[in-house]
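Architecture and fold: a report
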Amino acid sequence: SVSGEKIGSMLWLHSYDNDPGATTAILAGPDGGTTIRYVDMKDYEVLGVLVKPNIVGGTGVVKVELVASATAAFSSVVVVKDSGAVAGDSLEDNVFLECSAAEVVQLGATLRYVAARVTHGTNTDESTVTYIGIPKREYTGLTATAIT
């Protein structure tokens, strides 16, 4: 097989199940915000998030935000980007936001960790959250197979 990497060395891509179990803004994760799926921006220039409904029991995804924190615990967050009201009520819909590391630091010198915060219209709605990071430098294996 051929072993070259083009996309996998220039972009970090990772998708997560997002099951908030609520109709309030919850940090992306499989268990209602207890296990937070975030990105440490120290090695990235730009971060994008793609949120796609995968279970729509009501109105689906109604808002997406990128939020930053000085700690990985996200005890205090600052909104970096906000989609505003959206109607992600179909399995064909998606919401995309992106921010740069410079935008994050501009909001606070100690801000380093970024996560998606998603609001669903019904507590049974779920989504897939995909982070897309552009690193400060290319290297092989950036996007590797991850079986967890």
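All of these numbers come straight from a predicted model, not from anything done at the bench. (Residues numbered from 1 in each chain as written. Predicted model: local features only at pLDDT ≥ 70, side-chain atom pairs only at ≥ 80, totals over all residues. Heavy atoms only, no water.)

**Notes on the pattern of salt bridges**
On inspection of all chains with the given rule, the structure shows 6 salt bridges. In this structure, Arg-112 and Asp-40 form a salt bridge, with 2.6 Å as the shortest nitrogen-oxygen distance. On the criterion of sequence distance, the pair formed by Arg-112 in the loop between helix H2 (101–107) and strand E8 (113–120) and Asp-40 in strand E3 (residues 38–40) is long-range, its members being 72 residues apart. Residue Lys-81 is joined to Glu-103 by a salt bridge in which the shortest nitrogen-to-oxygen separation is 3.4 Å. Of this pair, Lys-81 sits in strand E6 (residues 78–82) while Glu-103 sits in helix H2, and the two are 22 residues apart along the sequence. Residue classification places Lys-81 among the partly exposed residues on the basis of a relative accessible area of 27%. Using a relative accessible area of 29% as the deciding quantity, one classes Glu-103 as partly exposed. Overlapping salt bridges, with partners in common, bring together Lys-63, Glu-65, Asp-82 and Arg-117 in one network. (Salt bridge = Lys/Arg side-chain N within 4 Å of Asp/Glu carboxyl O. Helix = DSSP H or I, 4+ residues; strand = E, 2+ residues; numbered from the N terminus. Buried < 20%, exposed > 50% of the residue type's maximum accessible area, 1.4 Å probe, protein only.)

**Regarding the environment of Asp-43**
Here Asp-43 is to be found in the loop between E3 and strand E4 (44–55). With a relative accessible area of 30%, Asp-43 lands in the partly exposed category. C-alpha of Asp-43 to C-alpha of Val-67: the two residues are 24 residues apart in sequence and 17 Å apart in space. Apart from residues lying up to four places away in sequence, Asp-43 is in contact with Pro-135 and Lys-136. Within the structure, the side chain of Asp-43 is placed 2.8 Å from the side chain of Lys-42, a separation counted as a polar contact. (Contact = heavy atoms within 4.5 Å. Polar contact = N/O pair within 3.5 Å; in protein donor to acceptor, adjacent residues only side chain to side chain.)

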